[in-house]
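Structural overview
For reference, the chains in residue letters:
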Amino acid sequence: MKQQNQIVMLADTFPAKTHLLITCLTDTDPLVASFSSDGTSFEIYDQSFFAQKYLPQYFKHSNYGSFVRQMNLYGFTSSRLKVGVCRLSFHLKLSG
């Protein structure tokens, strides 16, 4: 865990920490969150567990709504992939 904390400290911006978090989950807990197969987006399958267990390890909070708002500030959009299922996909909108 100490090594992971050191790596998280090296990722000092929100996008860098988010990328590190999703990369870690893709490798270790893909049922919670993972990158899409083409790598252009990531999906969060278990929002509650993601917020309670993983957000505090990378950020100073466990508020999922704050995480989504921050994603939106960086130009990401979210969409529900299935009705009635808490599965969100985040994509970065590129202009131009």
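Residues numbered from 1 in each chain as written. Predicted model: local features only at pLDDT ≥ 70, side-chain atom pairs only at ≥ 80, totals over all residues. Heavy atoms only, no water.

**With respect to the overall build of the protein**
A count of helical and extended segments in the protein gives four helices and four strands. The N-to-C order of helical and strand elements in the protein reads α-α-β-β-α-α-β-β. Out of the 96 residues belonging to the protein, those deemed buried represent 31%. Put simply, 41% of the contacts in the protein that link residues at least 6 apart link residues at least 24 apart. (Helix = DSSP H or I, 4+ residues; strand = E, 2+ residues; numbered from the N terminus. Buried < 20%, exposed > 50% of the residue type's maximum accessible area, 1.4 Å probe, protein only. Contact = heavy atoms within 4.5 Å.)

**Observations concerning helix α3 (residues 47-58)**
Helix length check: α3, at twelve residues, gives a terminal C-alpha distance of 15 Å against a target of 16 Å (1.5 Å per residue), a fit within 8%. When α3 is considered as a whole, its buried residues turn out to be Gln47, Phe50, Ala51, Tyr54, Leu55 and Tyr58. Along α3, the residues classed as buried sweep out an arc of 135 degrees about the axis, all on the same side. (Expected span 1.5 Å × (residues − 1). Arc of directions from axis to C-beta.)

The values are spatial; any link to function lies outside them.
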